[in-house]
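The residues making up each chain are set out below.
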Amino acid sequence: MTLLPRVFLICGLALASATVRAGEPPGAHDLRVMTFNVRYGEADDGINAWPHRRDLMVRVIRQAHPDIMGTQELLSPQGEYLEQHLPGYTWFGMGRNGNEINRNGNEHMGVFYDTARLKLLDSGNFWLSQTPDKPGSIGAGLLMPRMVTWAKFEDRRSGRQFYYYNTHFPYRDGKEAEATRERCAEQIRQRMAQLPASVPFILTGDFNTTPDSRTHASLTQTLHDTRTSAARHEGPEGTFHDFTGQATRRIDWILYRGLKADDVRTITTHDGKIYPSDHFPVVANFSW
């Protein structure tokens, strides 16, 4: 790869990320939410291997400054690195196989949050299976465990409370795979039905399917999609780009109820051919 002078790389990064908060004073939002498939750190991705992109990811998150961020494909060493380099944030989550099994190679639905803005009231996990409270359990049609990490938060400024779910649906093509994702969506809907409807709810994740799918239709029976409901949009619609910068599908969503989505952004920041992930992160601002 031809290396550009450092000054051009820095300027390019600054320009690429300038739209993240352009013209918006700090704290102008009531709640800022990010979803980010971080691409697991053990992948052999050449110039986009984790050691080459991790500091760029840190800068992208710092510049977006979400109050809460749901990650997918997060391994423990990645979570620890991000926490060390994101002052004011902490994270939680259990590996999809259970924390006792291959901790470093065990995907987490890690949830990061700004401790100055949010107070964690409760949290937990459930698996998208017939035994949802059994760590590592595998549901019908799945090749590996799939799960949800959830929490209940309180906004320290307003005292408002909300529920938050973060997930990663299975990847495969075909009708059988879509039916499996529909079952995952239905299980989430059943859990949501047990929550008080008066408390706002947010769901983030990599759903591995597009908005014209039956999975999306199932979830949006009770939830809104920020991309279609927010008054303002920035960045491309697609989110998965496979380290090319050219997104082909919108599979990363922020869904919600009980709030107002003010704007949503797809962040495309990169350093030349190095990207923070093979997915573009998505950020949404909400009003109570």
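Residues numbered from 1 in each chain as written. Predicted model: local features only at pLDDT ≥ 70, side-chain atom pairs only at ≥ 80, totals over all residues. Heavy atoms only, no water.

Chemist: What am I meant to see in the packing of aromatic side chains here?
Modeler: Within this structure, the stated rule accounts for 12 aromatic pairs. Ring centres 6.1 Å apart and planes at 45° place the aromatic pair Phe162 and Trp288 in the tilted group. Taken together, the positions of Phe162 in strand β7 (residues 161–168) and Trp288 in the segment after β13 (282–287) put the pair 126 residues apart, joining distant regions of the chain. Judged by its relative accessible area of 0%, Phe162 falls in the buried class. Seen from their ring centres, Phe207 and Trp253 are 4.4 Å apart, and the 15° between their planes marks the pair as stacked. You can see Phe207 sitting in the loop between β8 (201–206) and α5 (214–219) and its partner Trp253 sitting in strand β11 (residues 252–257), a full 46 residues away along the chain. The residues Phe207 and Trp253 share a single accessibility class, namely buried. These aromatic residues form a ring-pair network of at least three members: Phe92, Tyr113, Phe153, Phe162 and Trp288. Here the guanidinium or amino end of Arg191 rests over the ring plane of Phe126, the centre of that ring lying 4.3 Å away. (Phe/Tyr/Trp six-rings, centres within 6.5 Å; stacked < 30°, edge-to-face > 60°. Helix = DSSP H or I, 4+ residues; strand = E, 2+ residues; numbered from the N terminus. Buried < 20%, exposed > 50% of the residue type's maximum accessible area, 1.4 Å probe, protein only. Lys NZ or Arg CZ within 6 Å of the ring centre and 35° of its normal.)

Chemist: How should the sheet that holds strand β9 (residues 224–225) be read in this particular structure?
Modeler: The pairing of strands in a sheet comes from backbone hydrogen bonds and takes either a parallel or an antiparallel form. Taken in spatial order, the 6 strands line up as β5-β6-β7-β8-β11-β9 in an open sheet, and their pairing is mixed. The open sheet has two edge strands, β5 (118–127) and β9, and neither has a second partner. Pairing of β5 with strand β6 (residues 147–155), which is carried by 9 bridges, proceeds in the antiparallel orientation. The residue bridging Leu120 from the neighbouring strand is Phe153, located in β6. (Pairing = 2+ DSSP bridges.)

Chemist: Help me out: how do you make sense of the sheet that holds strand β1 (residues 31–37) in this one?
Modeler: With mixed pairing, 7 strands are arranged side by side in an open sheet as β3-β4-β2-β1-β13-β12-β10. Unpaired on one side and paired on the other, β3 (89–92) and β10 (232–234) mark the two borders of the sheet. Within the sheet, the average angular offset between the axes of one strand and its neighbour, ignoring direction, is 20°. In terms of strand pairing, β1 meets strand β2 (residues 68–72) through 5 bridges, oriented parallel. Within β2, the residue paired with Thr35 across the bridge is Gly70. (Axes fitted to C-alpha atoms, helices over the stretch in contact; angles between N-to-C directions.)

Chemist: Looking at this model, I keep getting lost on unusual backbone geometry. Mind explaining?
Modeler: A negative phi angle characterises most non-glycine residues, just as the trans form characterises most peptide bonds. Even without a glycine there, the phi angle at His65 is positive, about 45°. Structurally, His65 can be placed in the loop between α2 (50–64) and β2. Judged by relative accessible area, which is 29%, His65 ranks as partly exposed. Backbone geometry at Asn208 places phi at a positive 55°, although glycine is not the residue there. Summarising the element assignment, Asn208 is placed in the loop between β8 and α5.

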